[in-house]
Amino acid sequence: MEKKFVTTSGIEIKEVYCSAIPLEDSPGIFPFTRGIQTDMYRGRFWTMRQYAGFSTAEESNKRYHYLLAQGTTGLSVAFDLPTQIGYDSDHAMSDGEVGKVGVAIDSLRDMEQLFDGIELQKITTSMTINATASILLAMYIALAKKQGADIRQISGTVQNDILKEYAARGTYIYPPKASMRIITDIFEYCSKEVPKWNTISISGYHIREAGSTAVQELAFTLANGKAYLTAALEKGLDINVFAKRLSFFFNCHNNFFEEIAKFRAARRMWANITKSLGATDKKAQMLRFHTQTGGSTLTAQQPLNNVVRVANQAMAAVLGGTQSLHTNGYDEALSLPTEAAAKVALRTQQIIAFESGITDTVDPLGGSYFIESLTNEIEAAAQLYIDKIDAMGGAVNAIENDYVQNQIAAASYKYQLEVEEGSRVIVGVNRFVQQEEGAMEGFRIDDSIRLAQSGKIALLKSERDDFAVKYALANLKDTALGEENLMPGILVAVEAYATLGEIANVFREVFGEYKQC
């Protein structure tokens, strides 16, 4: 019997409402303004992810099992800064940072411990990793193989978006051209070997966290997306194949209707961009995205207010049609989230899904004079930025000429002035301020983690086959000096238990390191 959706008063809810909206703007139909599926959340809810990773692989593994037991439907892995920029935990550059903002992963052995007791073929995993994405993805594939999984069936995402690192975040290693080679090699390898894997999550999240406006976040993210499409096309890849595995990662801030309109505009703009570059397959034209609530909107003052902020942002993301969602913990302005905060964040998603009623129909705000007009205005404003970037020769040139960075900096400065002047109200910060009754206990990482992790590296190196490691690294260097795909060589090195730092150093030797002026 077909399930009926009704209000608490028994009024039946239609799957979609179309009055005053052109038929060609129906959900699931190009240009997907109203959503990429015809039934959206009636068919299935978004993936409920919780971003987690800290300390050692063993400690993070405990948190993953806890989140899965609470109803999380996908894992999202945070890596520490040394892992993100290609240094092993025992490197001098890692001092003071091991395990602090994510989990320390130095080798396949750490990856084995990170996912101990978790079958990779039965979950989806999102990994927030960029400069070293190829190495972490190879470790994940190697572990799946050791578990006996069919790697053609494993699914997940590597962020793998290096352009936003140059523009907004800073965890790059290699120069742009070398980085783009690594990225397109991942596209090519996964399209053949790991076809269900999302090979890049093009991130507006960090652009927004750096201080951009919603329009800038949209424009610069899609401009970066065009650059990746162009690079893959120049490599001879089929846009109707590789574009299906591209996904996006957006931020969601407090202006409720602006965020919803931003997501709707993003789908329409990307559909037209992919079509203009030759995509004819419907799935290659779809913009699929993960959303995380706004970390920079969280306040250390009156941190429980953040529960409301996160709920507001999460609801906007759902009304905007997200495919995956992470909700921040209310205490993240103070520390990594505690278990209690992580549970409230997950329950926020579950309440929206099962209790709010907004998932019963597709794009419930579609047709609103305000939403439709705002969607159009955001699209037009974002297109002006993209046109300027195209005139500069694309996103890589715009970043190298500091255009994107300067635009973000100007927007960030303007926002901060408004907060300081009081024209932009932040509850508990510049209005409705009160004396705090007591400090909230945060989640802290012990500095001894580096010693423990360094000991694990030393043990690994004493037990592994050194000849196999040296042979694999030498072959990888030869491949990097040539033009063959890098991924098979990285996988061989990972399976020989070469460390992340050893592999990253091969590329440092061949490609050099990028230094911004």
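Residues numbered from 1 in each chain as written. Predicted model: local features only at pLDDT ≥ 70, side-chain atom pairs only at ≥ 80, totals over all residues. Heavy atoms only, no water.

1. Considering the overall build of the protein
Along the protein, the regular secondary structure elements total 20 helices and 9 strands. Its C-alpha radius of gyration of 23 Å places the protein within 12% of the 24 Å reference for a compact globule of 517 residues. When burial is assessed residue by residue, the protein has 57% of its 517 residues classed as buried. Taking the contacts inside the protein whose residues are at least 6 apart along the sequence as the reference set, 78% of them involve residues at least 24 apart. (Helix = DSSP H or I, 4+ residues; strand = E, 2+ residues; numbered from the N terminus. Rg over C-alpha atoms; globule rule 2.2 N^0.38 Å. Buried < 20%, exposed > 50% of the residue type's maximum accessible area, 1.4 Å probe, protein only. Contact = heavy atoms within 4.5 Å.)

2. Section: the sheet that holds strand E4 (residues 155-158)
Paired through their backbone hydrogen bonds, the strands of a sheet run either parallel or antiparallel. Pairing is parallel across the open sheet formed by 9 strands, whose spatial order is E5-E4-E3-E2-E1-E9-E8-E7-E6. The open sheet is flanked by strand E5 (197-198) and strand E6 (200-203), the only strands paired with a single partner. Where E4 meets E5, 2 bridges bridge the pair, whose relative direction is parallel. Looking at the pairing, threonine 157 lines up with asparagine 198 of E5. In the packing of helix H8 (residues 214-234) onto the sheet, the strands contacted are E6 and strand E7 (246-252), and the crossing angle to E7 comes to about 165°. Against the sheet, helix H10 (residues 256-276) touches E7 and strand E8 (289-293), its axis set at about 160° to E7. (Pairing = 2+ DSSP bridges. Axes fitted to C-alpha atoms, helices over the stretch in contact; angles between N-to-C directions.)

3. Digging into the nonpolar core
Membership of the largest hydrophobic core comes to 137 residues, with the highest contact counts inside it found for Phe115 and Phe507. The residues touching phenylalanine 115, leaving out its near neighbours within four places in the chain, are Asn61, Leu75, Val77, Leu120, Thr125, Tyr140, Leu143 and Gln147. (Core = buried A, V, L, I, M, F, W, Y, C linked by side-chain atoms within 4.5 Å.)

4. Examining the pairing of strand E2 (residues 74-78)
Walk down a regular strand and you will see the side chains alternate between the two sheet faces. In terms of burial, E2 is largely enclosed, as 5 of its 5 residues are buried. Along E2, one buried face is formed by Gly74, Ser76 and Ala78 and the opposite face, lined by Leu75 and Val77, is buried too. Note: strand E1 (residues 47-52) against E2, 4 bridges, orientation parallel. Among the inter-strand pairings, tyrosine 51 is bridged to a residue of E2, identified as serine 76. Each parallel crossover has a hand, and the one from E1 via helix H1 (residues 57-69) to E2 is right-handed. (Right-handed = clockwise from strand over helix to strand, strands pointing away.)

5. Focus: the packing of H1 against helix H13 (residues 339-355)
Relative to each other, H1 and H13 sit at 35°, their axes nearing to 11 Å. Considering how the two elements wind past one another, H1 and H13 form a crossing that is right-handed. Where H1 approaches H13, its residues Arg63, Tyr66 and Leu67 are matched on the opposing element by Glu339, Ala342, Lys343 and Leu346. Residues that form the contact of H1 with H13 fall into these classes: 4 nonpolar, no polar and 3 charged. (Left-handed = near helix turned anticlockwise from the far one by under 90°. Nonpolar A, V, L, I, M, F, W, Y, C, P; charged D, E, K, R; others polar.)

6. Digging into a nonpolar patch on the surface
A contiguous nonpolar patch, built from Val425, Val427 and Phe432 and spanning about 250 Å² of accessible area, is present on the exposed surface. Counting through the fold element by element, valine 427 comes out in the loop between helix H16 (403-421) and helix H17 (449-463). (Patch = residues over 30% accessible without salt bridge, like charges linked within 9 Å, V, L, I, M, F, W, Y side chains within 5 Å. Areas by Shrake-Rupley, 256 points an atom, 1.4 Å probe, with all protein chains shown as cover. Salt bridge = Lys/Arg side-chain N within 4 Å of Asp/Glu carboxyl O.)

7. Describing the pattern of salt bridges
Two side chains carrying opposite charge are able to pair once their charged atoms lie near each other. In the structure shown here, the tally under the stated rule is 30 salt bridges. Close ionic contact of arginine 450 with aspartate 95 constitutes a salt bridge, the shortest N to O distance being 3.8 Å. Separated by 355 residues along the polypeptide, arginine 450 in helix H17 and aspartate 95 in the loop between helix H2 (81-84) and helix H3 (108-114) bring together distant segments of the chain. Assessed through its relative accessible area of 21%, arginine 450 is described here as partly exposed. Three or more residues are tied together by salt bridges with common partners; here these are Arg34, Arg264, Asp363 and Glu372.

8. Digging into the packing of aromatic side chains
Summed over all chains, the structure comprises 25 aromatic pairs. Note on phenylalanine 115 and tyrosine 140: the rings are 5.4 Å apart at their centroids and 90° apart in plane angle, and the pair reads as edge-to-face. You can see phenylalanine 115 sitting in the loop between H3 and strand E3 (124-128) and its partner tyrosine 140 sitting in helix H4 (residues 133-146), a full 25 residues away along the chain. Assessed through its relative accessible area of 1%, phenylalanine 115 is described here as buried. Seen from their ring centres, phenylalanine 507 and phenylalanine 511 are 5.6 Å apart, and the 25° between their planes marks the pair as stacked. (Phe/Tyr/Trp six-rings, centres within 6.5 Å; stacked < 30°, edge-to-face > 60°.)

9. Notes on H10
Each α-helix turn comprises 3.6 residues. Residues three or four places apart therefore point the same way. Its 21 residues give H10 an end-to-end C-alpha distance of 31 Å, which sits within 8% of 30 Å, the value for a rise of 1.5 Å per residue. Of all 21 residues in H10, 16 are buried, a share of seventy percent or more. (Expected span 1.5 Å × (residues − 1).)

10. Structural notes on unusual backbone geometry
Put simply, phenylalanine 30 and proline 31 share a cis peptide bond, and its omega is 10°. As for its placement among the helices and strands, proline 31 is situated in the segment before E1. Phi is positive for methionine 40, which is not a glycine, with a value near 45°. Following the sequence through the fold, methionine 40 ends up in the segment before E1. Residue classification places methionine 40 among the buried residues on the basis of a relative accessible area of 6%.

11. Considering the pairing of E6
Going residue by residue along E6, you find Ile200 and Ile202 tucked away on one face and Ser201 and Ser203 tucked away on the opposite face as well. Pairing geometry for E6 and E7, over 4 bridges, is parallel. Paired with serine 201 across the strands is serine 247, a residue of E7.

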